[in-house]
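Working through the structure, step by step
These are the residues of each chain, in order.
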Protein chains: 2
Amino acid sequence: MSVNKINEDLAKERRKCNFDIQELTYIIDGGKHKTEQRRLIEENVLKTGAHKDLVPDECLSLKERYENAVKKSLAYSDLVKNEIAAFTGIESYGTPILRRLADAFFVDISPMLLHFGMFVPTIIGQCTPEQQAKWLLPAINLEIYGAYAQTELGHGTFIRGLETTATYDPSTEEFILHSPTLTAYKWWIGGLGKTANHCIVVAQLYTQGKCYGVHTFIVQIRDLETHEPLPGVKVGEIGPKLGSNTADNGFLGFNNYRIPRDHMLMKNAQVLKDGTYKKLANAKLTYGTMVFVRVTLVSDSAFNLAKAATIAVRYSAVRRQSEAKPGAPESQVLDYPTQQHKLFICISTALAMQLTANWLWVTFSKYLNEMRKGNVDNLPELHALSSCLKSVSTSDASFLIEQCRFACGGHGYMTSSRLPQIYGFVVATRTYEGDYTVLLLQTARFLVKAWELAESGVDVSPTVSYLNRVNKHKELVWDNSMEGLIRSFEVVAEGKISHCVKNIREKMKTGMCYDEAWLLTTNQLVPAAEAHCRAVLLKVYHQEAKRLTANSSVNIQKVIDQLVQLYIIFWSLEKTGDLLRYTPISEKDIDELQNRYDDLLASIRPNAVGLVDAFDIRDEILQSTLGAYDGRVYERLMEEALKTPLNAESVNSSFHKYLKRESKL
Amino acid sequence: MSVNKINEDLAKERRKCNFDIQELTYIIDGGKHKTEQRRLIEENVLKTGAHKDLVPDECLSLKERYENAVKKSLAYSDLVKNEIAAFTGIESYGTPILRRLADAFFVDISPMLLHFGMFVPTIIGQCTPEQQAKWLLPAINLEIYGAYAQTELGHGTFIRGLETTATYDPSTEEFILHSPTLTAYKWWIGGLGKTANHCIVVAQLYTQGKCYGVHTFIVQIRDLETHEPLPGVKVGEIGPKLGSNTADNGFLGFNNYRIPRDHMLMKNAQVLKDGTYKKLANAKLTYGTMVFVRVTLVSDSAFNLAKAATIAVRYSAVRRQSEAKPGAPESQVLDYPTQQHKLFICISTALAMQLTANWLWVTFSKYLNEMRKGNVDNLPELHALSSCLKSVSTSDASFLIEQCRFACGGHGYMTSSRLPQIYGFVVATRTYEGDYTVLLLQTARFLVKAWELAESGVDVSPTVSYLNRVNKHKELVWDNSMEGLIRSFEVVAEGKISHCVKNIREKMKTGMCYDEAWLLTTNQLVPAAEAHCRAVLLKVYHQEAKRLTANSSVNIQKVIDQLVQLYIIFWSLEKTGDLLRYTPISEKDIDELQNRYDDLLASIRPNAVGLVDAFDIRDEILQSTLGAYDGRVYERLMEEALKTPLNAESVNSSFHKYLKRESKL
């Protein structure tokens, strides 16, 4: 993987590893064939060297960073266009392979990510065949650059509150787009600030004097020849952010800007020439895109956490600090149980999230097929499931990535460690595409309804079927097997949901309306939805890990089983309060779980570096001074420092301008 | 405070506030006189306009940001030099007033912060009078610029592991400074990269063939005339970081670099001309600086959390989102209980930390006086106390600042909100000056010793005196008064420490040595030390708030009491698992606490904006589009966006260079 000499401590760690690393990589990727395909694409693209920077991107001005990102976006798009055609076909624009490879090119994300990630899929999903014929190919060939403009300066989560209007004028057969207020300006739109010349715009549709709610329109915003904004369009960049500074997020306002009638995306609804509004297909199918994006975010969380764990575990094998016993040589920090406690859960969580994302994708595809046949019964469950998994995965990943950074001490604060950028990228996903709290409350709506159905004896859908079980018989015996612990988490979830329902009912008895009682219970509903999600995660991880390693070698089965146990016991110890409240766990049981947890840390320790090696993340993608395969931590830190423009001159001009003083010394 | 029209929602909030905001400001500042003094200094400095930038600092290249910071550092130092002389005298270089005012000038910290914060204090604390006479005045007058170089590329927490050597050569009466390896390079040294021409260097002292451990030396590293590094000195900037990018952190290596003998700081130890080593004063007094820095970090955490709370609460009063009931107008997000749950604890914690920092400072000063009289008995307690308070305050503040950012949704991700930079600054303090985990383990050492003393019947020091109490009689009745809850936290702390001791003893019975048993218990020792710290925080906050409001108006007493109760009950609900394990709390008690918590949120709601107004943080210091006094959130977001260089031109050069394509559209 690297031609440099491997750090001796890391080399030793790899000799200690007792399982076949390659075999585990195949499992994580979903098969040997997929690993080989990924490696080939990575090799073909990276051997061109098009991803390399001479100066660390973080040293540049924002303007320079944007220009660098545009240059690299086109290089990257050109490079992977052939790969996509040859390997996976057009529907895989969003495959993990290409997303992870993009990390070699961009600090955060490319200004064209949402062109491929939202603009093209919306054309595919919401256009009529005629509209597709017009826009799809130019978009794919990058003859036009598109963005997806929904969020406004004053409106995010609550889409019904959007202010941008699209008013139909039958006399000219045009829509008039307008931003009536400052808060109506589109804001946060990736790729829009300086790059896009087209845009999908979500606006309130008015025709024949009536508002029909939000609909989508495709809008040209810049001249294709000069790139100047068209008259009636005000567009620009929104300014610096915590991360994603190469994403070219933009704002957009319209001043009575006219577009032809057929620029409304008309697959699901139409406005006829005379202004008549017609609803067509079941708009519920557009849920598909939303669920797809959420699966992607769970999978991205997993990959980014795997990156952070790789960096922190390798660094912890190289870094030495303090004497474990007085007079002993300084220990590898990976030998400290406190460090193992911080890091091994990250390895296990990355795997848990990846297996859950894959499982969710399969579940989703199955349901989608049923939906296409007209059966939308499973939609509420899918919505509830993807909502809570998106919330909890992005939140857990953010927290654990930051924990990896803490585990790297001061050097984790250097951007050359890459940990700050990984955090900046992932923590944004906790907010966008549905805020953490808002989505958990949507799951809670589903759970409360399901609880009430179960109460009345109705069998509820698979992921909440435990509500049928625990409503029927309270479990009285503590069972500390993995299956028993998972069931305990279901008992906790049921207990919390039940508690919420009781609260709501009691409040309503005092004369409160349901909405008010719900609102005043939200601080208990959020943890109830989280508890449900924990139960799902534990169960799916346990079941998928078993399934995927059924034919694996014994040592792989063993180490994966250790990771799954670690995950389940970690969460049991984290949620001791819940277990004490809702299950018959005893003080002695808790002590026993703690002992098993400590034993698991010790068992995983010799395989830790092997486990992160199995994530198989190339140095070019990882881009970390602390986490490279060869472990040349200190050399790389110094090499990166020497690349900064401040170090290109021994004396900075500010000395002569400001600092120099007469001294009598 | 502002000449702009106040947002109507904010104006309404201020009319609702039922207490005298100014009265609370006086309490927070420590008296009317202190508020007035602070306001006068702020007004005098800020009216000059020297803090203003035309372009947001985050848009610039790192080199431009450094140059801007040097320029402003000198302007700031010149402006406050007179203020310091007139108001507070030289020992207040580190007063909160000047630190908070610096926030108007710097995104993170000035390249000269550590000149004043560490270089000057070390000269004062560790030099002989002759040495002080030589260096102190030039340093204060900025004729020389200094840094404090302790941390090395390969060595942080474990100071005994430092590699830089200072070997005495009696033939020339010089010390030879040398960096034997790459990992011996000084690294992370604030102000060193391009600014400092002098440096305090911590190195292993060798004389007469023997190593005497780490000592401090003052070293000139750059030519005063040309600013070029002197021969034998390799110095530079370490590169981009998560935050503090204007702090000019540097690296420094020596190649057999010679300095005169009297450049060793000789107050506590000397090397005579012939090379004889002489230990002088009690080096334990240098603990003083360490404790002082930690108090400063607790106080800084409080102030930065107050900033974040101010931003998030004001924004939440202006921001409207979703219908609480179908068809209702969009609600102020501050009306959602989930938002109140996120934010009110931040207001209360900022106050708790500030009162605790003040209390710690008073405790420290008292102990320091005793230490000067030769009584060092209280040193272990002071060390344990400042260690855990530093860890828990910086960690809680980081977490809660990020929670404030989450509560601001997408706009919290904009750097113009200021929340990302506040987080970046505070989260670094969780690591430097003693990492979170390492410091809690030092507190745990003290706690285990104290527990064993209490077990043997000895009365232990005040902050752990609960160990005497709970060791004598187990509490059996749940008491949900504030005093009862505080005692419960002490019972929990005792229970956890006791559990650790039991664990260690059991491990030793199997033949393990103490160090090994300790190491394998560290994952329980860290939470035990945290539990102790929680008990201290709750008790000190409760007691100090009562004391400071004893003569206040009724409504101030009431709102402060609500904040204290909120804090105590918040932590009781967070730590339900611990309370269930170690106290007789029942399911019914927990429900009752939850109800009281919900009631407190509702009671505090009308005063929320008034409470953050009472922190009295000027707009120039807050520097936030979301948090300004006038609530012109959306206007400011747009104004800031329009200042970025990318928006200075309607078409970026990258269009013609890369993007432009032939299109058939």
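Going by the annotation in an unreviewed UniProt entry, the name recorded for chain A is Acyl-coenzyme A oxidase, with Pieris macdunnoughi given as the source organism. The record held by UniProt for chain A lists under Subcellular location (unreviewed entry) the comment "Peroxisome".

Take chain A, turn it by 180°, move it 0.0 Å along the axis, and it overlays chain B with an RMSD of 0.0 Å. Overall, the copies show the geometry of a two-fold rotation axis. The position closest to the rotation axis in chain A is occupied by the C-alpha of A:Gly577, lying 1.6 Å away. The overlap is high: 100% of the interface residues of chain A also sit at the interface in chain B, so the same surface is used on both sides.

All names here are of chain A. Here, UniProt's "binding site: FAD" (unreviewed entry) annotation points to Thr151 and Gly190. The greatest C-alpha distance among the residues just named is 10.7 Å, despite their covering 40 residues of sequence, which places them together in space. Along the polypeptide, Thr151 turns up in the loop between strand E1 (146-149) and strand E2 (165-169). Not counting residues within four places of it along the chain, the set of residues in contact with Thr151 comprises Gly156, Tyr185, Lys186, Trp187, Trp188 and Ile189. With respect to the helices and strands, the residue Gly190 is situated in the loop between strand E4 (186-189) and strand E5 (198-207).

A complete count under the given rule lists 82 salt bridges over all chains for this structure. When salt bridges with common partners are traced through the structure, they connect A:Asp29, A:Arg38, A:Arg39, A:Glu42, A:Arg100 and A:Asp616 into a single cluster.

The next thing to look at is the packing of helix H10 (residues 379-407) of chain B against helix H11 (residues 419-429) of chain B. Residues and elements named next belong to chain B. Axis separation between H10 and H11 bottoms out at 9 Å; the angle between their running directions is 160°. By the angle between their axes, H10 is roughly antiparallel relative to H11. Judged by the sense of rotation from one axis to the other, the crossing of H10 with H11 is left-handed. Each of Lys390, Thr394, Ala397, Ser398, Ile401, Glu402, Cys404 and Arg405 in H10 lies in contact with H11, whose residues at this interface are Leu419, Pro420, Ile422, Tyr423, Val426, Val427 and Thr429. Looking at the contact of H10 with H11 residue by residue, the classes come out as nine nonpolar, three polar and three charged.

Note: α-helices contain 3.6 residues per turn, so residues at a spacing of three or four share the same orientation. Taking 1.5 Å of rise per residue, 20 residues should cover 28 Å, and helix H12 (residues 436-455) of chain A covers 28 Å from first to last C-alpha, within 8% of that figure. Regarding H12(A), its N-cap is A:Asp435, as a side-chain oxygen of that residue lies 3.0 Å from the backbone nitrogen of A:Thr437 further along.

What follows is about the packing of aromatic side chains. The final tally for this structure, using the stated rule, is 33 aromatic pairs over all chains. Summarising the aromatic geometry, the rings of B:Tyr76 and B:Phe105 are spaced 4.7 Å apart at their centres and angled 50° between planes, so their arrangement reads as tilted. With B:Tyr76 in helix H4 (residues 62-88) and B:Phe105 in the loop between helix H5 (96-102) and helix H6 (113-126), the pair connects residues that are 29 residues apart, well separated along the chain. Residues B:Tyr76 and B:Phe105 agree in their burial class; the two are buried. Through a chain of ring-to-ring contacts, the aromatic side chains of A:Tyr76, A:Phe105 and A:Phe106 assemble into a single cluster.

Another point: the side chain of B:Asn304. Positionally, B:Asn304 belongs in helix H8 (residues 287-318). Those residues in contact with B:Asn304, other than ones at most four positions away along the chain, are B:Asp103, B:Ile401, B:Ile422, B:Phe425 and B:Val426.

Here we come to the interface of chain A and chain B. Listed per partner, the contact involves 137 residues of chain A and 137 residues of chain B. Here chain A packs against chain B, burying approximately 11,600 Å² in sum over the two surfaces, 60% of which is carbon and sulfur. Across the chain A-chain B interface, the total number found is 10 salt bridges. A salt bridge links A:Lys63 to B:Glu649, with the shortest nitrogen-to-oxygen separation between them at 3.4 Å. At nine residues, the largest contribution of residues to the side of chain A that touches chain B is made by helix H4 (residues 62-88) of chain A.

Counting 318 residues, the largest nonpolar core has A:Trp187 and B:Trp187 as its most contacted members. Ignoring sequence-local partners within four residues, the contact set of A:Trp187 consists of A:Thr151, A:Glu152, A:Leu153, A:Ile238, A:Gly250, A:Phe251, B:His411, B:Met414, B:Leu637, B:Met638 and B:Ala641.

How each quantity is defined
- Residues numbered from 1 in each chain as written.
- Chains lettered and ligands numbered in written order.
- Predicted model: local features only at pLDDT ≥ 70, side-chain atom pairs only at ≥ 80, totals over all residues.
- Heavy atoms only, no water.
- UniProt positions renumbered as here; feature names shortened; annotations may be inferred.
- Least-squares fit on C-alpha atoms with pLDDT ≥ 70 in both.
- Contact = heavy atoms within 4.5 Å.
- Helix = DSSP H or I, 4+ residues; strand = E, 2+ residues; numbered from the N terminus.
- Salt bridge = Lys/Arg side-chain N within 4 Å of Asp/Glu carboxyl O.
- Axes fitted to C-alpha atoms, helices over the stretch in contact; angles between N-to-C directions.
- Parallel < 35°, antiparallel > 145°, perpendicular 65-115°, else oblique.
- Left-handed = near helix turned anticlockwise from the far one by under 90°.
- Nonpolar A, V, L, I, M, F, W, Y, C, P; charged D, E, K, R; others polar.
- Expected span 1.5 Å × (residues − 1).
- Polar contact = N/O pair within 3.5 Å; in protein donor to acceptor, adjacent residues only side chain to side chain.
- Phe/Tyr/Trp six-rings, centres within 6.5 Å; stacked < 30°, edge-to-face > 60°.
- Buried < 20%, exposed > 50% of the residue type's maximum accessible area, 1.4 Å probe, protein only.
- Buried area = accessible area lost by both parts, 1.4 Å probe.
- Core = buried A, V, L, I, M, F, W, Y, C linked by side-chain atoms within 4.5 Å.

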